[in-house]
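As a plain string of letters, each chain reads:
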Amino acid sequence: MRFTLPRDIYYGSGSLADLKTLKGKRAIVVCGGHAMKASGFLDKTIAYLKEAGMEVETFEGVEPDPSIETVMKGAEAMRKFQPDWIVAIGGGSPIDAAKAMWAFYEYPDTTFEALCTPFNFPHLRTKARFAAIPSTSGTATEVTAFSVITDYAKGIKYPLADFEITPDVAIVDPDIVRGLPAKQVAFTGMDAMTHAIEAYVSTLATPFTDPLALKAIKMINTSLVNSYKNPNGKGREDMHYAQCLAGMAFSNALLGIVHSMAHKTGAAFSTGHIPHGCANAMYLPHVIEYNANNAVALQRYAQIAQELGIEGKDAREQTQGLIDRLHELNTLLGIPQSMQEFGVNEDEFKAKLKEIAHNAVGDACTGSNPNPIDDAKMEELFVCCYYNRPYKF
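Residues numbered from 1 in each chain as written. Predicted model: local features only at pLDDT ≥ 70, side-chain atom pairs only at ≥ 80, totals over all residues. Heavy atoms only, no water.

Draft legend 1. Structural view of the packing of helix H7 (residues 210-229) against helix H12 (residues 315-332). Between H7 and H12, whose axes approach to 10 Å, the crossing angle comes to 10 degrees. When the axis of H7 is compared with that of H12, the two are roughly parallel. The two elements H7 and H12 cross, and the hand of that crossing is left-handed. The segment H7 lies against H12, with Asn-221, Val-225 and Tyr-228 engaging Arg-325, Leu-329 and Leu-332. Of the residues in the contact of H7 with H12, the class split is four nonpolar, one polar and one charged. (Axes fitted to C-alpha atoms, helices over the stretch in contact; angles between N-to-C directions. Helix = DSSP H or I, 4+ residues; strand = E, 2+ residues; numbered from the N terminus. Parallel < 35°, antiparallel > 145°, perpendicular 65-115°, else oblique. Left-handed = near helix turned anticlockwise from the far one by under 90°. Contact = heavy atoms within 4.5 Å. Nonpolar A, V, L, I, M, F, W, Y, C, P; charged D, E, K, R; others polar.)

Draft legend 2. View of the pairing of strand S5 (residues 129-134). Counting buried positions along S5 yields five of six residues, so the element is predominantly enclosed. As paired elements, strand S4 (residues 85-90) and S5 share six bridges and run parallel to each other. The partner of Ala-88 across the bridge, within S5, is Ala-132. (Buried < 20%, exposed > 50% of the residue type's maximum accessible area, 1.4 Å probe, protein only. Pairing = 2+ DSSP bridges.)

Draft legend 3. Representation of the packing of aromatic side chains within the structure. Evaluation of the coordinates by the stated rule reveals nine aromatic pairs. Taken together, a centroid distance of 5.8 Å and an interplanar angle of 80 degrees make the contact between Tyr-11 and Tyr-241 edge-to-face. Pair noted here: Tyr-11 is in strand S1 (residues 8-11) and Tyr-241 is in helix H8 (residues 234-253), with a separation of 230 residues, a long-range link. Using a relative accessible area of 59% as the deciding quantity, one classes Tyr-11 as exposed. Look at Tyr-290 and Tyr-391: their rings are 5.2 Å apart centre to centre, the planes differ by 85 degrees, and that puts the pair in the edge-to-face class. (Phe/Tyr/Trp six-rings, centres within 6.5 Å; stacked < 30°, edge-to-face > 60°.)

Draft legend 4. Main features of the sheet that holds strand S2 (residues 26-30). Overall, parallel pairing links the six strands, which are arranged S1-S8-S5-S4-S2-S3 in an open sheet. In the strand order of this sheet, the two ends are held by S1 and strand S3 (55-59), each with one partner. For this sheet the average axis-to-axis angle between neighbouring strands, irrespective of direction, equals 20 degrees. Lying over the sheet, helix H3 (residues 68-81) contacts S2, S3 and S4, oriented at roughly 160 degrees with respect to S3. Relative to strand S8 (residues 169-172), H8 is tilted by about 150 degrees, and along the sheet it contacts S1, S5 and S8.

Draft legend 5. Molecular detail of empty space enclosed by the protein. Taken as a whole, this structure holds one cavity of 30 Å³ or more when the rule is applied. Empty space within the largest cavity amounts to approximately 30 Å³. In this structure, the largest cavity is lined by Ser-137, Leu-180, Val-185, Thr-188, Gly-189, Leu-224, Ser-227, Arg-236 and Met-239. At the level of secondary structure, the elements contributing two or more residues to the lining of the largest cavity comprise helix H6 (182-201), H7 and H8. Counted by class, the lining of the largest cavity contains four nonpolar, four polar and one charged residues. (1 Å grid on protein atoms, 1.4 Å probe; cavity = no way out; pocket = protein on both sides within 12 Å on 5 of 7 lines; lining within 4 Å. Points joined across faces, edges and corners; volume = space filled by probe spheres on them.)

Draft legend 6. Here's a closer look at the environment of His-273. Tracing the chain through its elements places His-273 in the loop between helix H9 (257-265) and helix H10 (276-291). Linking His-273 and Gly-343, residues 70 residues apart in sequence, is a C-alpha distance of 9.9 Å. Those residues in contact with His-273 that lie beyond four places of it in its chain are Asp-65, Lys-157, Gly-266, Ala-267 and Phe-342. Here Asp-65 takes part through its side chain, which lies 2.7 Å from a polar atom of the side chain of His-273. Of the polar contacts made by the side chain of His-273, one reaches the backbone oxygen of Gly-266; its length is 2.8 Å. (Polar contact = N/O pair within 3.5 Å; in protein donor to acceptor, adjacent residues only side chain to side chain.)

Draft legend 7. A look at unusual backbone geometry. With a phi angle near 60 degrees, Ala-140 is a residue other than glycine that sits in the positive phi range. Looking at the secondary structure, you find Ala-140 in the loop between S5 and strand S6 (146-151). For Ala-140, a relative accessible area of 0% corresponds to the buried category. Its identity as a non-glycine residue notwithstanding, Asn-388 has a phi of 60 degrees, on the positive side. Mapped onto the elements of the fold, Asn-388 is located in the segment after helix H15 (375-387). Taking relative accessible area as the criterion, Asn-388 reaches 31% and is therefore assigned partly exposed.

Draft legend 8. Structural detail: the pattern of salt bridges. Applying the stated criterion to the full structure yields 15 salt bridges. Residue Arg-325 pairs with Glu-328 through a salt bridge whose shortest N-O separation is 2.9 Å. Separated by three residues within a single helix, Arg-325 and Glu-328 lie in helix H12, roughly one turn from each other. Residue classification places Glu-328 among the partly exposed residues on the basis of a relative accessible area of 40%. (Salt bridge = Lys/Arg side-chain N within 4 Å of Asp/Glu carboxyl O.)

Read these as spatial facts, not as claims about activity.
Structure below.
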């Protein structure tokens, strides 16, 4: 068994300045749209790297849910510039994209199909090391072995998985997330909650991941609504740390079918893209209902409830209390409770149900889910998620 984290995690207000301690000759900074530039954090990143004595170039404009095409363009820019540091700053999208670019930079002849096989990456760090700076409090990709890239032609997301793409350095600076819009705080926060809960009930959970997952769940339960309402409060800082703890847990314990379902529905419907964290928030209560039919998972959910102070005469009642709390959080955060409420067209949902269910069962995250699932049960579960109907347990 293995437990892998970045070599260094710098955290706290102003920790972005620790970029000055990196040793190298050339750094390429990968970022998204205008947010990091408008806030001044992109310029600070460049300035700190130059203070470290490096020549710096940028690759900007990584879109939300980065595409295969963007990854290839970034890798080509890296091959021309030959950086020995790749520094990704922004939400999960630019960091995820930069991880995939890293592989194609070092191995130009590899294929995307080869990288899609879990834990099949070639050995990295032959040309560059990787630093990640998150600007959202959810994906925790700054400490994980994962990246999600979208194939828009096929309408599905590919989760890449390998400890080779765990960053060397993570900088978790809460100053960067003060300006996040409330809706983004809600979605990314529930993504983090899903990471922690799925990691705790995963079939690959260990004594190393359990404390991280439980601490993250407790911090998110306490801090998320405050972070949503008050950008300058302690909740915003605590959420930035909590999502990182959740990332450390799930990077090693892996995830479950909430993420399998979210990966295969985010870009599947013409009625509108479902943001990843929003999908997780809608699906999580119903997946708990499904998984609670497994005796081991039921006890693990009950343990989470106990940690949160949720009472009940037995594990079943405690688990129901946890489900109720998650629905309550969705309400407090303005998140839809169902795919129907989100706006997914009913006819289109019915037409695509078999396909999305089949794709979700085949997702890389399904293997570590505590309760096995097949296509028929996945269809039933998606119906519950569409109409917000309980899955009996």
